[in-house]
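What follows is each chain in one-letter form.
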Amino acid sequence: MTLADFDATFEEVLQDVLGWDVAFADDDGPRTVEAWDSLMQVRLVHELETRFGVRLPDDALLGEQTVGSLRSLVRERAQPA
Amino acid sequence: MPPALERGAATGDGRSALRALVSAGRFAEAWGLLRPLLRTRDEAWVWSAARNVLRAGARNEWSPPSSRSARLGILCTYTGADLADHLEIACRALDIDVELYAAPYGQLEQEVLASGTPLAAFEPTHVLVAPTAADLGLPELADDGGARVDEQERRWRSLWAGLAGVGARVLQHSFVVPDETPLGHLALRLPDSRPSLVRRVNDRLGAAAGSDVLLVDCDRLASRLGKDRWSDPRLWYSARQPFSYAALPLLARETAAVLAGDLGLGARCVIVDLDNTLWGGIVAEEGPGGVVVGEGPDGEAHAAFQEYLKGLARCGVLLAVASKNDLEAARGPFETNVRMRLGLEDFAVFVADWRRKPEQVEEIARTLGLPLESFVFADDNPAECAEVAAALPSVDTVALAGSPSTFVRALAASPRFEAPALTAADAGRRRSYQGRAQAEDLRGRAGSLEAFWSSLRMRAVVGDLDAHGALDRAAQLTQKTNQFNLTLVRRTREELRGLLEPGAVLAKTLALSDRFADHGLIGLALAVADPDDPRTAVVDTLLLSCRVIGRTAEVHLLAHLSRAALSAGFARLRGVYVPGPRNGLVAELYPKLGFTAVPGSAGRAWERDLAAHGPLESRWIEDAP
């Protein structure tokens, strides 16, 4: 997977879960995105894991996360070229 | 799946196509692509896309077309938000306009047994009770198993009784039998092991449900998916959600299917192809004895598919054939091949000619007098499925692709075959529709309509609603009847029973037979006193099953109703018509029967002066002795 593919898929998952009409910045999170509650975070982590075939640590489910922190967690594991 | 979307899904184009439609505001088209997928597919992108289409549509005051509405309360013992979210999508995909209320989790008895709760204020038509096996509080091995099972039965039954008090029908999720047990396979031999006790609780609830509670067999669904895929312990511990995201679409769809069945949206007829569907090979080439059925791997699979269809027929689903063949050749295997499981008598309509499939399907619908939404079309040829889906989008299509060994599973995956209950009428329905098809034939030859009616030698049994079994069937009729239904008032069994109690209602049911068939209980009429004019009886419900439309059965029913009204002291009978999407054919019923328009009713109410003109007379139907 190239880095461009990775970024496109990552964005796609965010939008599928949080809304097609939303654009995201790296420091977006539960405080800035209306739909992003704890349940949405669980769903988001699950979708990222499924789409990238990775497993994130359990605290990704419940801990305070942002678009940027999730992106690095997934990128470390998916290792796009 | 529409082929373009199927290919697109793999590359992301399907999703982009949907996004493009949504940003162009073409919600109906996007939904039209998604709706068939949601009915069979579990992929997350399909459900995410549906959520996004519905959300964007709602912001633009668009909502998907629906044919029934429901107010569904959800009582979960766990975090139910994801289930509610998926249920809304699943209901929409099955044409139910649903309003949801999800109670805070764990608030079961509190919401049901207390008075003035938010659930009661929501006025649900249905309430889903969704617990998990963890709520049963069972040890791995109990020393008081019987008492624990009794206690659970009491708990859930008292909840059901409370919900009946709120006026809602109950949908109950069964308990998933736990897969991990330290007892291993020994658990099955011990009636008081945790897995055995969960099974026993499910059995008790199944037996207690009767026709009042709709059970969703979650254990069956979990087994189908595989129990290690069904649940995700991490989700349970971190979010109190007992099933994985892989399980949610299936659970939501099947729950919605049971609700749809209760609302009268289940399929009423499966139309099947013959060559390479019911048997292997082409009958015109192989001959009636040469087609592959009953022997060998493919033959056994075709036979199993026929047996499955036979099972559906026993549950009240009609079977029909739509085949591109010469009629004689198509009938051959049914008449002479002893390995066939289905016979010609199993089919309500048999169409074999050289027209396009959509035309054949339309003819079957016309012959049976059923709307197109009532049909599921199953064919091994994907092109013919696509042709039917394109020409008649309200017909559900099942493409039987590949080996015949997959056919049963493909048809069983359809969410359209959930019947709320088996009624005595289901057993006789097939014969009745066959009778209708023969009667249609006769109509072609009988000359005048009067001669046709007279040649049918129709016999009626008019009964009261409290007769044994009549309540279930009458409720089913109010739920399912769309065409010959003057007021479209839908009622559950409980609501009907409630009406009867004070004795303030005149109620008549009609069972009809003719020389071809016994149609069973096919008509219902209810009349109540006009609150402003106690000498006028208002026909609150008048409906007939499609299969007896055009037989003067309504006259017979009104004749009995008007006689009952006269003896109850009423001077007038008032009929009303409430227009709906498909009941246009009865808009002029009352004026045609000589009722006079009520001034100022805008063509919606008519009266007959019973005191002056007496009851109506029925000329073509005799009461059975």
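Within each chain, residue numbers correspond to sequence positions counted from 1 in written order. Both sets of labels track the order of writing: A upward for chains, 1 upward for ligands. In view of the model being predicted, local features appear only for residues whose pLDDT reaches at least 70, and side-chain atom pairs are presented and counted only at 80 or more, with totals across whole chains, interfaces and linings using the full set of residues.

Novice: Even after reading the chapter, I still don't get the sheet that holds strand β3 (residues 126-130) of chain B, so can you show me in this structure?
Specialist: The pairing of strands in a sheet happens through backbone hydrogen bonds and is either parallel or antiparallel. Residue and element names in this part refer to chain B. Pairing in this open sheet of 5 strands is parallel, and the strands run β2-β1-β3-β4-β5 from one edge to the other. Each end of this open sheet is capped by a strand with a single partner; those strands are β2 (96-102) and β5 (213-216). In this sheet, adjacent strand axes meet at a mean angle of 25 degrees when their direction is disregarded. Across 5 bridges, strand β1 (residues 68-76) lies against β3 in parallel orientation. Looking across to β3, one finds that L75 is bridged to V129. The pairing criterion is simple: DSSP has to find at least two bridges between the two strands. A run of H or I in DSSP counts as a helix once it spans at least four residues, and a run of E counts as a strand once it spans at least two, with each numbered from the N terminus. Structural elements are reduced to axes, namely lines fitted to C-alpha atoms, with helices fitted over the stretch in contact, and the angle between N-to-C directions of any two is expressed from 0 to 180 degrees.

Novice: When you look at the environment of E111 of chain B in this model, what are you seeing that I'm missing?
Specialist: Residues and elements named next belong to chain B. In this fold, E111 is placed in helix α6 (residues 108-113). Here E111 falls in the buried class, since 23 other C-beta atoms lie within 10 Å of it. C-alpha of E111 to C-alpha of A304: the two residues are 193 residues apart in sequence and 47 Å apart in space. Counting other C-beta atoms within 10 Å of a residue's C-beta gives its exposure: the residue is buried at 20 or more, exposed at 12 or fewer, and partly exposed in between, where C-beta atoms are placed from the backbone.

Novice: I tried to follow the pairing of β5 of chain B on my own but got confused; where do I start?
Specialist: A regular strand carries its side chains on alternate faces of the sheet. Residues and elements named next belong to chain B. By the bridge criterion, 4 bridges tie strand β4 (residues 169-173) to β5 in an arrangement that is parallel. Bridge pairing in β5 places L171 opposite L214. For a crossover, the right-handed case is the one in which the path from the first strand over the helix to the second runs clockwise, viewed with the strands pointing away from the viewer. Handedness of the β-α-β unit built from β4, helix α9 (residues 194-209) and β5 comes out right-handed.

Novice: Honestly, the interface of chain A and chain B in this entry has me stumped. Any pointers?
Specialist: Reports of interface size often rely on the accessible area that becomes lost once the parts have come together. Residues are defined as contacting one another if the C-beta atoms placed from their backbone atoms lie within 7 Å. Between chain A and chain B, the residue contacts involve 14 residues of the former and 16 residues of the latter. Within the residue set of the side of chain A that touches chain B, elements represented by two or more residues are α1 (3-18), α2 (38-52) and α3 (59-62) of chain A. The residue makeup of the side of chain A that touches chain B, split by class, is 6 nonpolar, 3 polar and 5 charged. When residues are grouped by polarity, Ala, Val, Leu, Ile, Met, Phe, Trp, Tyr, Cys and Pro land in nonpolar, Asp, Glu, Lys and Arg in charged, and all others, Gly among them, in polar.

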